[in-house]
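Okay, here's what each chain looks like letter by letter:
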2 protein chains.
Amino acid sequence: MKNVKHAKCVKCGKIYEAVPNLTSCSCGGILDIVYDYDYIRTVLTKEKLAARRDNSMWRYRELLPVEETTENTPLRVGWSPLYEADTLAKQLGIKKLYVKDDGINPTASLKDRASAMAVAKAREAGAEVIACSSTGNAASSLAGNAAAAGLRTYIFVPSRAPKGKVAQLMTFGATVISVQGSYEETFELSKAAIDRWGWYNRNAAINPYLSEGKKTVSLEIMEQLGWEVPDYIAISVGDGCTIAGLWKGLKDLYAIGFIDKLPRLISAQAEGCCPLNRAIETGGDWKPMEENTLADSIAVGVPRNADKALMAIRESNGLVVNVSDEEIMAAQKLLGRTCGVFGEPAGVTGAAGLKKLCGEGKIPADATVVSVVTGNGLKDVANAIAACGEPISIPGDMDRLLRAFEENGIVVE
Amino acid sequence: MKNVKHAKCVKCGKIYEAVPNLTSCSCGGILDIVYDYDYIRTVLTKEKLAARRDNSMWRYRELLPVEETTENTPLRVGWSPLYEADTLAKQLGIKKLYVKDDGINPTASLKDRASAMAVAKAREAGAEVIACSSTGNAASSLAGNAAAAGLRTYIFVPSRAPKGKVAQLMTFGATVISVQGSYEETFELSKAAIDRWGWYNRNAAINPYLSEGKKTVSLEIMEQLGWEVPDYIAISVGDGCTIAGLWKGLKDLYAIGFIDKLPRLISAQAEGCCPLNRAIETGGDWKPMEENTLADSIAVGVPRNADKALMAIRESNGLVVNVSDEEIMAAQKLLGRTCGVFGEPAGVTGAAGLKKLCGEGKIPADATVVSVVTGNGLKDVANAIAACGEPISIPGDMDRLLRAFEENGIVVE
């Protein structure tokens, strides 16, 4: 990898050679991939990118930690749409809003970006089995991306994982272990099993390559905006890996001169599980919390990537905001009705946080904001139906239709 | 529309001006949009297409029946991935297989192509409300595409529609009427309501523009294959509109000289509901059937677009194949495990049919085949879980994991 110098511990600064099966530092700290930006500047230009027909995350290979000879992974991950959400921007009282719908990825979440990277690196490592623990999306994305590449998977999910995600796992042929306990207990069991059997490790807080996959979401946002930097990017935060990846992509682009400033991040967590935001608010260390929210993907009481996530929020002079489950489900409806985007609860938590901050007058009226939707609402249908209610149910009869409209106060124009 | 001559009844040949709110012929026949291919040849070349950055169905505007001034619709519909499925091709004993995953569309089905067209034409007609009846996917795609465009929707679904599709509808803010009855009864009630209130009609078998949206799936397949025509294209068939649209796109490309031959279509229906395939097999007219399959999207006992569908299958010298629900669910697993593609039951029925035909020796070993997956498996999680089973469920403990592996006959390498 001519573009990669090495990996470096974010805690103690120790340097590691960037071998494919890197895990954490001996001090327990998380590693960060360090690039040779001078080299990258010589091989990547905006014009070169603009001419590329590859509409997947692999269009950014010069900024990704893979060998030049490593094949692109089979599923088409990334290059998700960035929608102009003018109606919603008006409602929120801001100048411009863009919604990045990462729910259209092959397994319907942003996590496909990390899983595609895991598959690429597992192949470099010569591995045939990959394993992870996950609240659900990392799991289903790994199972799908690995199946397409002919690799086997062992996957650990907490028993609360919604049915949609479990159905994906089973269909993709993963060996799935549903752990009767918290995400923390799930993570620990996966770790013990990975240690025991030597599987390739796709735990995003251990394998430093994965947030490099996730960072492609911000590379895309910036290319899709014509390199015009927004004022804020809002995203939901659980384990911390996604916001860390988002920030890494932005810093990469800044380092190679593709953008001339950096946006402020908006870290949105659920009120019932917000250890990272609480650390920012109190200025102290993070402390474990209960996992008390229906936004299952970000119900992470012991965030495994706290260091990188807190660094990202602080470096960006970011805002933190905690939202209730009601605010999350209201944001799901709001995005559906104004943008035609159906996000899962955790997927719309960034938008819920943005809405709350706008309501509190914390976002200037002339701001341009990007809100990332990290997963598709079809993954968790039960909560959507609970929030939206059931449809009108009648026999196929016009009189019954008229009566139903009247009873439901529907005036047809 | 310089590229469109007029609409013509497929039954009696009567000609209609191509106004935006076209419905059926006075004789009851379905209309077909007739293009000026000589004109289109002067404005569209393969090179022009290749240079286009628009990775949505609107990249084919010269072949679509919209006014030059009509805006592209907001959601990014189309340009779904076409995967090389080498492992599966080997298993099926054919030379080459491609899988077109249309489940990655914004609302997760091929129907987005028709709904985007409906929104474009409704805007041309100055309509503010669109209505349809649907087994589910047309409904959710209309609700999503209309919401993004600021239009309101009234939607009629049979009460058997899976929860995922209903959740989408409710989130997108549609007024949803769940009809306690068959698809036929649902269709009739929607028709009566549309007549009564004059809503813009998105019933694909009445509005002739909709299969023109659907045809973009074959325009894409051919462009993605570099205009190399496959021997067969396999697709599931319900109402008949989708296979009719698929065929129309191929004939368009043939008419403008982009391809020099036409593939044979494979029409796959469920054994429990196969009125169109039965008509082909018997050589007679189609007759109504019960709607007896779990593949809800194609459980259409009274196909509304029989004329165009039968014509497409016959003109292409097509094959028909009926599959059991067990064969459908086996195909869902097979696609998941070999391709990382999770399709809904109706979505994988084309693949199930292809598998069956290969098993019967009806597809030559040197054939190149495209199988279209028309919808995402997340729309119908209940059936997927019933077919795949539940995961291993244990507390977070290594001893329990070892015991569970042993009990389930899992040998870890």
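In case you missed it, the structure is sitting above this.
For clarity, every value in this text was computed on a predicted model and none was experimentally measured.

A. Inspection of the sheet that holds strand 6 (residues 129–133) of chain A at higher detail. Read from one edge to the other, the open sheet built from five strands follows the order 9(A)-6(A)-7(A)-8(A)-14(B), with strand pairing classed as parallel. Among the strands making up the open sheet, the edge pair consists of strand 9 (200–201) of chain A together with strand 14 (392–394) of chain B. Contacting strand 6, strand 7 (152–158), strand 8 (175–179) and strand 9 of chain A together with strand 14 of chain B, helix 7 (residues 183–197) of chain A crosses the sheet at an angle of about 150 degrees to strand 7 of chain A.

B. Molecular detail of helix 7 of chain A. Taking 1.5 Å per residue, 15 residues should reach 21 Å; helix 7 of chain A reaches 21 Å between its end C-alpha atoms and fits that length. Restricting attention to buried positions, one finds in helix 7 of chain A the residues Y183, T186, F187, L189, S190, A193 and I194 of chain A. Projected down its long axis, helix 7 of chain A shows its buried positions confined to an angular sector of 165 degrees, all on one face. In this structure, the buried residues of helix 7 of chain A make contact with strand 6, strand 7, strand 8 and strand 9 of chain A together with strand 14 and helix 16 (398–407) of chain B. Put simply, S182 of chain A is the residue that caps the front of helix 7 of chain A, since its side-chain oxygen is 3.3 Å from the backbone nitrogen of E184 of chain A. In the stretch just after helix 7 of chain A, G198 of chain A is the one whose phi turns positive, near 70 degrees.

C. Structural context of the pattern of salt bridges. Residue and element names in this part refer to chain A. Scanning all chains against the criterion turns up 42 salt bridges over all chains. The residue E124 makes a salt bridge to K121 at a minimum N-O spacing of 2.6 Å. A residue pair is termed a helical-turn pair when its members lie 3 or 4 positions apart in one helix, as E124 and K121 do in helix 4 (residues 112–124) at three residues. With relative accessibility at 21%, the residue E124 sits in the partly exposed group. Judged by relative accessible area, which is 0%, K121 ranks as buried.

D. View of the relation of the copies chain A and chain B. Here chain A sits on chain B after a turn of 180 degrees about the axis and a move of 0.0 Å along it, with an RMSD of 0.0 Å. Such a combination of turn and shift is consistent with a two-fold rotation axis. Of all interface residues in chain A, 100% are interface residues in chain B too; the two copies therefore contact each other through one and the same surface.

E. Region of interest: the layout of surface pockets. Counted as a void, the largest pocket has a volume near 880 Å³. When contributions to the lining of the largest pocket are tallied by element, the ones reaching two or more residues are helix 5 (137–149) of chain A together with strand 4 (82–84), helix 3 (86–92) and helix 13 (325–339) of chain B. A total of three residues in the lining of the largest pocket trace back to one element, the largest contributor, which is strand 4 of chain B. Here the residues of the lining of the largest pocket are counted per class, giving 14 nonpolar, nine polar and twelve charged. Its volume calculated, the second largest pocket comes out at about 610 Å³. L82, Y83 and E84 of chain A together with P74 and L75 of chain B are, among the 24 residues lining the second largest pocket, the residues nearest its centre. Residue assignment for the lining of the second largest pocket shows that the elements contributing at least two residues are strand 4 (82–84), helix 3 (86–92) and helix 13 (325–339) of chain A.

F. Fine view of the sheet that holds strand 10 (residues 232–236) of chain A. All names here are of chain A. With mixed pairing, the six strands of this open sheet are ordered in space as 4-5-13-10-11-12. Because the sheet does not close on itself, it has two edges, and the strands there are strand 4 and strand 12 (319–323). Here the average twist between neighbouring strands, direction ignored, is 25 degrees. The strands touched by helix 13 within the sheet are strand 5 (96–101), strand 11 (264–270), strand 12 and strand 13 (368–373), with strand 12 carrying the most contacts at an inclination of about 100 degrees.

G. Inspection of the packing of aromatic side chains at higher detail. Inspection of every chain in the model, using the stated rule, returns 16 aromatic pairs over all chains. Centroid distance Y35 of chain B to Y37 of chain B: 6.1 Å. Interplanar angle 35 degrees. Geometry classified as tilted. Here Y35 of chain B falls in the buried class, since its relative accessible area comes to 2%. By relative accessible area, which is 23% here, Y37 of chain B ends up partly exposed. Plain terms: the ring middles of W227 of chain B and F258 of chain B are 5.1 Å apart, the flat faces sit at 80 degrees to each other, and that makes the pair edge-to-face. Of this pair, W227 of chain B sits in the loop between helix 9 (216–224) and strand 10 (232–236) while F258 of chain B is found in the loop between helix 10 (241–255) and strand 11 (264–270), placing the two residues 31 residues apart along the sequence. The pair formed by W227 of chain B and F258 of chain B is uniform in burial state, with each residue classed as buried. Counting every residue linked through ring pairs, the aromatic cluster contains Y154, W197 and W199 of chain A together with F405 of chain B. Positioned above the aromatic ring of W197 of chain B is the side chain of R196 of chain B, whose terminal nitrogen or guanidinium carbon lies 5.4 Å from the ring centre.

H. Main features of the nonpolar core. Grouped together as the largest cluster of nonpolar side chains are 267 residues, with contacts concentrated most on L97 and I363 of chain A together with L97 and I363 of chain B. Discounting chain neighbours no more than four positions away, the residues touching L97 of chain B are Y83, E84, A85, L88, A89, L92, L354, V369 and S371 of chain B.

Basis of the calculations
Residues numbered from 1 in each chain as written. Chains lettered and ligands numbered in written order. Predicted model: local features only at pLDDT ≥ 70, side-chain atom pairs only at ≥ 80, totals over all residues. Heavy atoms only, no water. Pairing = 2+ DSSP bridges. Helix = DSSP H or I, 4+ residues; strand = E, 2+ residues; numbered from the N terminus. Contact = heavy atoms within 4.5 Å. Axes fitted to C-alpha atoms, helices over the stretch in contact; angles between N-to-C directions. Expected span 1.5 Å × (residues − 1). Buried < 20%, exposed > 50% of the residue type's maximum accessible area, 1.4 Å probe, protein only. Arc of directions from axis to C-beta. Polar contact = N/O pair within 3.5 Å; in protein donor to acceptor, adjacent residues only side chain to side chain. Salt bridge = Lys/Arg side-chain N within 4 Å of Asp/Glu carboxyl O. Least-squares fit on C-alpha atoms with pLDDT ≥ 70 in both. 1 Å grid on protein atoms, 1.4 Å probe; cavity = no way out; pocket = protein on both sides within 12 Å on 5 of 7 lines; lining within 4 Å. Points joined across faces, edges and corners; volume = space filled by probe spheres on them. Nonpolar A, V, L, I, M, F, W, Y, C, P; charged D, E, K, R; others polar. Phe/Tyr/Trp six-rings, centres within 6.5 Å; stacked < 30°, edge-to-face > 60°. Lys NZ or Arg CZ within 6 Å of the ring centre and 35° of its normal. Core = buried A, V, L, I, M, F, W, Y, C linked by side-chain atoms within 4.5 Å.

Any link to function would need more than the numbers given here.
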